[in-house]
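One letter stands for each residue in the lines below.
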Amino acid sequence: MSFVVTPPAQVSVPVVGSKDRFPVGRIYCVGRNYVEHAKEMGFTGREAPFFFIKPADNCLVVDAGQTGEVNYPPMTEDYQHEIELVAAIGTGGKNIKAADAKKHIYGYAVGLDMTRRDRQTEQKKQGRPWCIGKTFDQAAPIGPITPAAQAGDVENAEIFVQVNGKDRQRSNVAKLIWNIGEIIEHISAAWELRPGDLIYTGTPEGVAAVVKGDTMVGSVAGLPTLTVKVI
Ligand code: MN
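These figures come from a predicted structure and were not determined experimentally.

### Topic: the coordination of the manganese ion
Taken together, Glu82 (OE), Glu84 (OE) and Asp113 (OD) make up the full set of protein donors to the manganese ion, lying 2.0 to 2.1 Å away. Coordination of the manganese ion draws on donor residues from a single chain, spaced E-x1-E-x28-D in sequence. Of this pair, Glu84 sits in strand E8 (residues 83-89) while Asp113 sits in the loop between strand E9 (105-112) and strand E10 (115-116); the two residues are 29 residues apart in sequence, bridging distant segments of the chain. Owing to a relative accessible area of 0%, Glu84 belongs among the buried residues under this scheme. Taking relative accessible area as the criterion, Asp113 reaches 0% and is therefore assigned buried.

### Concerning the sheet that holds strand E18 (residues 226-230)
The strand order across the open sheet built from 5 strands is E6-E18-E17-E13-E14, with neighbouring strands paired in mixed fashion. Whereas interior strands pair on both sides, the edge strands pair on one side only; in this sheet they are strand E6 (67-70) and strand E14 (166-172). Strand-to-strand twist in this sheet, taken as the mean axis angle between neighbours without regard to direction, amounts to 20 degrees. In terms of strand pairing, strand E17 (residues 215-220) meets E18 through 4 bridges, oriented antiparallel.

### Thoughts on the side chain of Arg116
Tracing the sequence through the fold places Arg116 in strand E10. Buried and unpaired, Arg116 has no salt bridge, with Asp118 as the nearest side chain of opposite charge at 6.6 Å. A distance of 2.8 Å separates a polar side-chain atom of Arg116 from the backbone oxygen of Pro74. Engagement of the side chain of Arg116 in a polar contact is seen with the backbone oxygen of Ile132, the distance being 2.8 Å.

### Some remarks on the packing of aromatic side chains
Within the structure shown, the criterion is met by 7 aromatic pairs. When the ring of Phe52 is compared with that of Trp130, the centres are 5.6 Å apart and the planes differ by 50 degrees; the resulting orientation is tilted. Placement of the pair is Phe52 in strand E4 (residues 51-54) and Trp130 in the loop between helix H2 (117-125) and helix H3 (131-134), with a sequence separation of 78 residues. Residue class for Trp130 comes out buried when judged on its relative accessible area of 19%. Clustering of aromatic rings is evident, with ring pairs tying together Tyr28, Phe51 and Trp191. Across from the ring centre of Phe43, 3.5 Å away, lies the NZ or CZ of Arg32, which sits over that ring. The ring of Phe160 carries the charged tip of Arg170 above its face, separated from the ring centre by 4.3 Å.

### Some words on the sheet that holds strand E7 (residues 79-81)
What the 3 strands build is an open sheet, ordered E10-E7-E16; its pairing is antiparallel. Looking at which strands have only one partner, the edges of the open sheet turn out to be E10 and strand E16 (208-209). Here E7 pairs with E10 via 2 bridges, running antiparallel. The partner of Tyr79 across the bridge, within E10, is Arg116.

### So, unusual backbone geometry
Within the chain, Arg32 stands out as a residue other than glycine whose phi angle is a positive 40 degrees. With respect to the helices, strands and loops of the structure, Arg32 is situated in the loop between strand E3 (27-30) and helix H1 (35-40). The class of Arg32 is buried, set by a relative accessible area of 14%. One non-glycine residue, Asn164, lies in the positive phi region at around 50 degrees. Structurally, the position occupied by Asn164 is in the loop between strand E13 (158-163) and E14.

Reading the values: rules and limits
Residues numbered from 1 in each chain as written. Predicted model: local features only at pLDDT ≥ 70, side-chain atom pairs only at ≥ 80, totals over all residues. Heavy atoms only, no water. Donors = N, O, S within 2.8 Å, 3.2 Å for Na, K, Ca; no water. Helix = DSSP H or I, 4+ residues; strand = E, 2+ residues; numbered from the N terminus. Buried < 20%, exposed > 50% of the residue type's maximum accessible area, 1.4 Å probe, protein only. Pairing = 2+ DSSP bridges. Axes fitted to C-alpha atoms, helices over the stretch in contact; angles between N-to-C directions. Lys, Arg positive; Asp, Glu negative; His and termini not counted. Salt bridge = Lys/Arg side-chain N within 4 Å of Asp/Glu carboxyl O. Polar contact = N/O pair within 3.5 Å; in protein donor to acceptor, adjacent residues only side chain to side chain. Phe/Tyr/Trp six-rings, centres within 6.5 Å; stacked < 30°, edge-to-face > 60°. Lys NZ or Arg CZ within 6 Å of the ring centre and 35° of its normal.

See below:
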């Protein structure tokens, strides 16, 4: 087959212990999924989970031991990090029950849901979509995917991001409001999950701005560290 324009390249993420790579489909992101982060965003209580989507080509794929370089994006003066555990879907499905969700997960990675917070805040106030705040080139840095069986107890893992060696966010995945099984149940009720989909599961408190020259080191215990420099 030939195309009238050059087709986009398949985005893929390295897999720990394999030469084969994980091809990225959709990227689902969960909003306000840690209590203390919901509070710092001005919300309280357990609300139903909600989602937004980034396209696969928003990934900035960073190999183990490498430092990724992310360009400071246009149209923001408040470019913020959100450290997140990412679940990678290996087996798709609709209406997956939380109790069965683990069977659908290929593995896990460390991700950053980078955000133009000033733009997102404006859009929220105006009741408009978050698109410009959340979706832009390199808005989804991600490290290598570790197959689930080798990833340890990610649901009870410490999660943190440091900027220039100092703590910004530090929490535990156990503090997720909606756990990974529940997230998959909700997403797959609304959309058919497919192999290759990624789920950014939400961020704990401490989101803050980075500027050019800053280096972010993100971690979820048991997974390769994600290091990204803002240029
Ligand atoms: Mn997020």
